[in-house]
Amino acid sequence: MGTLCSRRLRLARAVAITVTDTESVRRLNRDYLGLDEPTDVLAFETRFEGVRGPDGVEELGAVVIALPVAARGARARGVLLEDELALLVVHGILHLLGVDHATRRDDAAMREMERVALERIGRSGAAR
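Residues numbered from 1 in each chain as written. Predicted model: local features only at pLDDT ≥ 70, side-chain atom pairs only at ≥ 80, totals over all residues. Heavy atoms only, no water.

Overview of the nonpolar core
Here is step 1 of the chain: Grouped together as the largest cluster of nonpolar side chains are nine residues: V41, L60, V63, I65, A70, L88, V89, L96 and L97.
Here is step 2 of the chain: Every element with two or more residues in this core is listed here: β3 (58–66) and α4 (81–96).
Here is step 3 of the chain: Once residues within four sequence positions are removed from consideration, I65 is found in contact with T18, V19, T20, V25, D40, V41, A70, L85, L88 and V89.
Here is step 4 of the chain: Among the nonpolar cores identified, the runner-up in size contains eight residues, and A86, L87, M110 and A126 belong to it. (Core = buried A, V, L, I, M, F, W, Y, C linked by side-chain atoms within 4.5 Å. Buried < 20%, exposed > 50% of the residue type's maximum accessible area, 1.4 Å probe, protein only. Helix = DSSP H or I, 4+ residues; strand = E, 2+ residues; numbered from the N terminus. Contact = heavy atoms within 4.5 Å.)

Rendered as structure tokens:
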């Protein structure tokens, strides 16, 4: 996993981040992933191999966060909303880099990457 992340980040990448309502995220989750339920964060790859913007930056993808779901998650975990949002952005970007959490081992590895990333941006209290 770390190799993939390192390889994908050698060049500058752009990520779009959208913070929206629960219903919009539920609809996206239903239409694109077949799950008719809200979630806190979704990630969509939008890059096209070899296509760069005028500034030379390649698109990595989009991270979409449901603010009400994030706020409930922050309250449940006893963290600031800003910390929860930081975690969700990091989590979404890791998905865009090809990291998943389908197995216990993958989940543990992803949580460790989240912890390291959050620590690097000064949000160590946001880690799960």
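Some remarks on the side chain of E114
Here is step 1 of the chain: Mapped onto the secondary structure, E114 falls in helix α5 (residues 104–120).
Here is step 2 of the chain: A distance of 2.5 Å separates the side chain of E114 from the side chain of H91, its partner in a polar contact.
Here is step 3 of the chain: Discounting chain neighbours no more than four positions away, the residues touching E114 are L87, V90, H91, L94 and R128. (Polar contact = N/O pair within 3.5 Å; in protein donor to acceptor, adjacent residues only side chain to side chain.)

Describing the confidence of the model for the chain
Here is step 1 of the chain: Across the chain, pLDDT averages 88, with 87% of residues at or above 70.
Here is step 2 of the chain: When mean pLDDT is taken per element in the chain, helix α3 (residues 67–77) scores highest with 97 and helix α1 (residues 2–8) scores lowest with 47. (pLDDT = per-residue confidence, 0-100.)

Comments concerning the packing of α3 against α4
Here is step 1 of the chain: The N-to-C vectors of α3 and α4 enclose an angle of 115°; their axes lie 9 Å apart at closest approach. It follows from the interaxial angle that α3 and α4 lie roughly perpendicular. Considering the relative orientation of α3 and α4, their crossing is right-handed. Contacts from L67, A70, A71, G73, A74 and R77 in α3 reach L81, E84, L85, L87 and L88 in α4.
Here is step 2 of the chain: Of the residues that constitute the contact of α3 with α4, the class distribution is eight nonpolar, one polar and two charged. (Axes fitted to C-alpha atoms, helices over the stretch in contact; angles between N-to-C directions. Parallel < 35°, antiparallel > 145°, perpendicular 65-115°, else oblique. Left-handed = near helix turned anticlockwise from the far one by under 90°. Nonpolar A, V, L, I, M, F, W, Y, C, P; charged D, E, K, R; others polar.)

Here's the deal with the packing of aromatic side chains
Here is step 1 of the chain: One pass over the full model with this rule turns up one aromatic pair.
Here is step 2 of the chain: Each ring, one from Y32 and one from F44, has its centre 5.4 Å from the other, and the planes form 70°; the classification is edge-to-face. With Y32 in helix α2 (residues 22–33) and F44 in strand β2 (residues 41–45), the pair connects residues that are twelve residues apart, well separated along the chain. (Phe/Tyr/Trp six-rings, centres within 6.5 Å; stacked < 30°, edge-to-face > 60°.)

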